[in-house]
Amino acid sequence: QVQLVESGGGLVQTGGSLGLSCAASGTRYSIRIMGWYRQAPGKQRELVATITNDDKTNYGDSVKGRFTISRDNAKNTVHLQMNSLKPEDTAVYYCSAVDYSKNWYGSEYWGQGTQVAVTS
């Protein structure tokens with residue numbers, strides 16, 4: 001039902017900034033949890049940041065103080081502002097959503113991913 005589309009990936013230099021956006025469609029309700037995960041080649045997918053529809057945020061340790069997540073509940077969009085980028089941030093970034101409007105246990109959705117590359 002819910003579809004997620006990411007935008008904003010690209011190539012940046014160390015210390016630069018980049019903004020990622022994700023738009024959800026397919027539901028008329030405010031999605032409970034939206035956020036971002038990332039996966040580098042040969043590594044496990046890891047938490048970047050999540051935000052609830054009552055604005056509770058959770059950040060991965062590696063991005064705290066550098067990345068900021070925000071959302072628009074009415075539009076079910078989420079934005080990730082990435083500052084002070086490091087080569088270690090290079091990964092495919094995936095938008096995620098957990099929606100509880102259809103069942104008590106929630107439904108999980110993922111976007112196709114967008115590539116972020118940070119050069120040394």
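Residues numbered from 1 in each chain as written. Predicted model: local features only at pLDDT ≥ 70, side-chain atom pairs only at ≥ 80, totals over all residues. Heavy atoms only, no water.

**Q** Just give me the short version of the overall build of the protein, but keep the residues and values in it.
**A** Within the protein, the secondary structure is distributed over zero helices and eleven strands. Ordering the α and β elements of the protein from the N terminus gives β-β-β-β-β-β-β-β-β-β-β. Its C-alpha atoms give the protein a radius of gyration of 14 Å, near enough to 14 Å, the size a compact globule of 120 residues would have. Seen along its three principal axes, the alpha-carbon backbone of the protein occupies a region of about 45 × 25 × 20 Å. The contacts of the protein with a sequence gap of at least 6 include a subset with a gap of at least 24, amounting to 54%. A total accessible area of about 6,600 Å² is found for the protein, and carbon and sulfur atoms account for 47% of it. Across the protein, the mean location of the 12 positive side-chain charges is 2 Å away from that of the 10 negative side-chain charges. (Helix = DSSP H or I, 4+ residues; strand = E, 2+ residues; numbered from the N terminus. Rg over C-alpha atoms; globule rule 2.2 N^0.38 Å. Contact = heavy atoms within 4.5 Å. Areas by Shrake-Rupley, 256 points an atom, 1.4 Å probe, with all protein chains shown as cover. Lys, Arg positive; Asp, Glu negative; His and termini not counted. Charge placed at Lys NZ, Arg CZ, Asp CG, Glu CD.)

**Q** Can you explain the state of the cysteines? Please cite residues and give values.
**A** This model, assessed by the stated rule, comprises one disulfide. Between the sulfur of Cys-22 and that of Cys-95 lies a disulfide, 2.0 Å long from S to S. Because the sign of the S-S torsion sets the handedness, a value of about -85° for the bond joining Cys-22 and Cys-95 places this disulfide among the left-handed ones. Of this pair, Cys-22 sits in strand β3 (residues 18-25) while Cys-95 is found in strand β9 (residues 91-99), placing the two residues 73 residues apart along the sequence. Across the pair, Cys-95 and Cys-22 agree in class, each one buried. (Disulfide = S-S within 2.5 Å. Buried < 20%, exposed > 50% of the residue type's maximum accessible area, 1.4 Å probe, protein only.)

**Q** So, the pairing of strand β10 (residues 107-110): which residues are in play, and what are the values?
**A** Judged by which residues are buried, β10 turns out to be one-sided: Ser-107 and Tyr-109 face inward and are buried, whereas Glu-108 and Trp-110, on the alternate face, are not. Of the strand pairs in this sheet, β9 and β10 are connected by four bridges, and their pairing is antiparallel. Counted as the bridge partner of Asp-99 is Ser-107 from β10. (Pairing = 2+ DSSP bridges.)

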